[in-house]
Amino acid sequence: DQQVKQNSPSLSVQEGRISILNCDYTNSMFDYFLWYKKYPAEGPTFLISISSIKDKNEDGRFTVFLNKSAKHLSLHIVPSQPGDSAVYFCAASPIQGAQKLVFGQGTRLTINP
Amino acid sequence: DVKVTQSSRYLVKRTGEKVFLECVQDMDHENMFWYRQDPGLGLRLIYFSYDVKMKEKGDIPEGYSVSREKKERFSLILESASTNQTSMYLCASSLGQNNEKLFFGSGTQLSVL
């Protein structure tokens, strides 16, 4: 049973436009959410996180939005750059600092020049 | 920079062989993790360890075991490799206080023939 779902396996966006990656979860106990980014032949790297006490967290060009009632979060990248082309994983945890993360399937983002 | 090193980038093994995947981290992290990444399934946790000689099962521990004799080293063992264990294996570590700061190795692509 996939508790964290990324329903779009891939997304293609033009350079300079906004990229929106979506993630849904089913477990209402999840309280802390993270996004990781993965380039080919490299391990995932932490990008941004948000706890359930917030509905938005921003870091430069990256913003994560959380809608707890809909059990939905999204990652916005503005403006998109070619170096953003990667696979993005959404992850969730019951509390901040918990030992285990549950990851989504990943979305491959391609930024076209 | 934190470095998580996985001993092999690619491995090809035969069904029934015993396989060792090695992982070393150089930042004195408490927690270490083994994930596998499969298309359409994302990252799934196999085992993790929060201290030397301690281990906890993740979501898919069947067919695997682990060893953590030293703080910096976490080994994943496939006692008798099977074709359904063909996958990308990712090792990660974290400080132990904030789980979001998972640092991943580059991964080992294991093919079991």
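The paragraphs below set out a description of the structure included in this document. (Residues numbered from 1 in each chain as written. Chains lettered and ligands numbered in written order. Predicted model: local features only at pLDDT ≥ 70, side-chain atom pairs only at ≥ 80, totals over all residues. Heavy atoms only, no water.)

With 25 residues of chain B at the interface, the matching set in chain A holds 20 residues. Taking both sides of the interface into account, the surface hidden between chain B and chain A amounts to around 1800 Å²; carbon and sulfur atoms contribute 54%. In this assembly, chain B and chain A are joined by zero salt bridges. Where chain B touches chain A, the interface holds two residue pairs in polar contact (both at pLDDT 80 or more). Secondary-structure elements contributing two or more residues to the side of chain B that touches chain A are β5 (31-38) and β6 (42-49) of chain B. (Contact = heavy atoms within 4.5 Å. Buried area = accessible area lost by both parts, 1.4 Å probe. Salt bridge = Lys/Arg side-chain N within 4 Å of Asp/Glu carboxyl O. Polar contact = N/O pair within 3.5 Å; in protein donor to acceptor, adjacent residues only side chain to side chain. Helix = DSSP H or I, 4+ residues; strand = E, 2+ residues; numbered from the N terminus.)

Per the stated rule, a full pass over the model turns up nine salt bridges over all chains. As a salt-bridge pair, Lys18(B) and Glu79(B) come within 3.5 Å of each other at their nearest N and O atoms. Of the two residues, Lys18(B) sits in the loop between β2 (10-13) and β3 (19-21) while Glu79(B) sits in the loop between β9 (73-78) and β10 (87-94), which places them 61 residues apart along the sequence. Note on Lys18(B): relative accessible area 44%, which makes it partly exposed. Two residues, Lys71(B) and Glu30(B), come together in a salt bridge whose shortest N-O distance is 2.9 Å. Of the two residues, Lys71(B) sits in the loop between β8 (64-70) and β9 while Glu30(B) sits in the loop between β4 (23-25) and β5, which places them 41 residues apart along the sequence. Classification of Lys71(B) as partly exposed rests on a relative accessible area of 23%. A single salt-bridge network, built from bridges that share partners, covers Lys37(A), Arg61(A) and Asp84(A). (Buried < 20%, exposed > 50% of the residue type's maximum accessible area, 1.4 Å probe, protein only.)

Looking now at the side chain of Lys38(A). Along the chain, Lys38(A) turns up in strand β4 (residues 32-38). For the buried Lys38(A), which has no salt bridge, the nearest side chain bearing the opposite charge is Glu42(A), at an N-O separation of 8.2 Å. A distance of 3.1 Å separates a polar side-chain atom of Lys38(A) from the backbone oxygen of Glu42(A). In contact with Lys38(A), not counting residues within four places along its chain, are Gly43(A), Pro44(A), Ala86(A), Val87(A), Phe89(A) and Gln37(B). (Lys, Arg positive; Asp, Glu negative; His and termini not counted.)

Across all of its chains, the model carries two disulfides over all chains by this definition. Linked covalently through their sulfurs, Cys23(A) and Cys90(A) form a disulfide whose S-S length is 2.1 Å. Between Cys23(A) and Cys90(A), the S-S dihedral sits near -75°, and the bridge is therefore left-handed. Linking Cys23(A) in strand β3 (residues 19-25) with Cys90(A) in strand β9 (residues 86-93), this pair joins segments that are 67 residues apart in sequence. Taken individually, Cys23(A) and Cys90(A) each receive the classification buried, so the pair is uniform in this respect. Covalently, Cys23(B) is tied to Cys91(B) through a disulfide, its sulfur atoms 1.9 Å apart. Residues Cys23(B) and Cys91(B) share a disulfide whose torsion about the S-S bond is about -80°; that sign makes it left-handed. Taken as a pair, Cys23(B) in strand β4 and Cys91(B) in strand β10 lie far apart in primary sequence, 68 residues in all. A single burial state applies to Cys23(B) and to Cys91(B), both of which are buried. (Disulfide = S-S within 2.5 Å.)

Geometric descriptors of this kind do not, in isolation, establish any biological role.
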